[in-house]
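Residue-level structural notes
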Amino acid sequence: MFAQSKAFSGFSVDDLGKARQFYGETLGLQVEEGGQGDMRMLTIKLGSGASVFVYPKDNHTPASFTILNFPVDDIEAAVDGLAQRGVSMKRYPEFESDAKGIVRGPGGPAAIAWFTDPAGNVLSVIQEN
């Protein structure tokens, strides 16, 4: 029924301006602002060609799961680049991470590191085997 639909995902933030700056300037993604009147929103263009809809929500609660995963060829370089832009890696006590916050090991990707956007939503950089 929806096999040909150009579906997209979306998530909320508590401050559209901070989100625009983070996704556009910090992460270097193409971000477009749109909407009408008080209904402002962002569209983030991903390297895959997909788009993500970002909307403000007064009673925003950060997602407790990873909302976006960014595959990278070199996770060390990606984490270092994020750190240079002031982004800290999120650490989960149930996963052993190295000094940079990178989790490596069996049963998953070769390596993954999580971080949050200004609204507290969880994102990751991930390097496959």
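No experiment lies behind these values; they were computed from the predicted model shown. (Residues numbered from 1 in each chain as written. Predicted model: local features only at pLDDT ≥ 70, side-chain atom pairs only at ≥ 80, totals over all residues. Heavy atoms only, no water.)

1. Regarding the environment of N121
Position of N121 among the secondary structure elements: in the loop between β8 (111-116) and β9 (122-127). Once the C-alpha coordinates of N121 and P62 are considered, the two residues, 59 residues apart in sequence, prove to be 4.8 Å apart. Excluding anything up to four places from it in sequence, N121 contacts F11, S12, V13, H60, P62, A63, I67, F115 and T116. Among the polar contacts listed, one links the side chain of N121 to the backbone oxygen of S12, at a separation of 3.0 Å. (Helix = DSSP H or I, 4+ residues; strand = E, 2+ residues; numbered from the N terminus. Contact = heavy atoms within 4.5 Å. Polar contact = N/O pair within 3.5 Å; in protein donor to acceptor, adjacent residues only side chain to side chain.)

2. Observations concerning the packing of aromatic side chains
What describes a pair of aromatic rings is the distance from one ring centre to the other and the angle between the planes of the rings. Using the criterion set out here, one finds 8 aromatic pairs in the structure. Seen in terms of ring centroids, F22 and Y23 are 5.2 Å apart; in terms of plane orientation they differ by 90°. Their pairing is edge-to-face. Seen from their ring centres, F22 and F115 are 6.5 Å apart, and the 50° between their planes marks the pair as tilted. Of this pair, F22 sits in helix α1 (residues 16-26) while F115 sits in strand β8, placing them 93 residues apart in sequence. We note that F22, like F115, is buried. Clustering of aromatic rings is evident, with ring pairs tying together F11, F22, Y23 and F115. (Phe/Tyr/Trp six-rings, centres within 6.5 Å; stacked < 30°, edge-to-face > 60°. Buried < 20%, exposed > 50% of the residue type's maximum accessible area, 1.4 Å probe, protein only.)

3. Considering the sheet that holds strand β3 (residues 39-45)
Ordered in space as β1-β4-β3-β2, the 4 strands form an open sheet in which the pairing is mixed. Each end of this open sheet is capped by a strand with a single partner; those strands are β1 (9-13) and β2 (30-36). Across the sheet, the mean angle from the axis of one strand to that of its neighbour is 25°, orientation sign disregarded. By the bridge criterion, 5 bridges tie β1 to strand β4 (residues 51-56) in an arrangement that is parallel. Looking across to β4, one finds that G10 is bridged to F53. (Pairing = 2+ DSSP bridges. Axes fitted to C-alpha atoms, helices over the stretch in contact; angles between N-to-C directions.)

4. Thoughts on the pattern of salt bridges
Scanning the entire structure with this criterion turns up 6 salt bridges. Close ionic contact of E76 with K100 constitutes a salt bridge, the shortest N to O distance being 2.8 Å. Taken together, the positions of E76 in helix α2 (residues 75-84) and K100 in the loop between β6 (89-90) and β7 (103-104) put the pair 24 residues apart, joining distant regions of the chain. Take E76: its relative accessible area is 29%, and that puts it in the partly exposed class. Taking the shortest distance from any N to any O, the salt bridge between R104 and E76 comes out at 2.4 Å. Taken together, the residues R104 in strand β7 and E76 in helix α2 connect sequence positions 28 residues apart. One network of salt bridges, in which partners are shared, links E76, D80, D98, K100 and R104. (Salt bridge = Lys/Arg side-chain N within 4 Å of Asp/Glu carboxyl O.)

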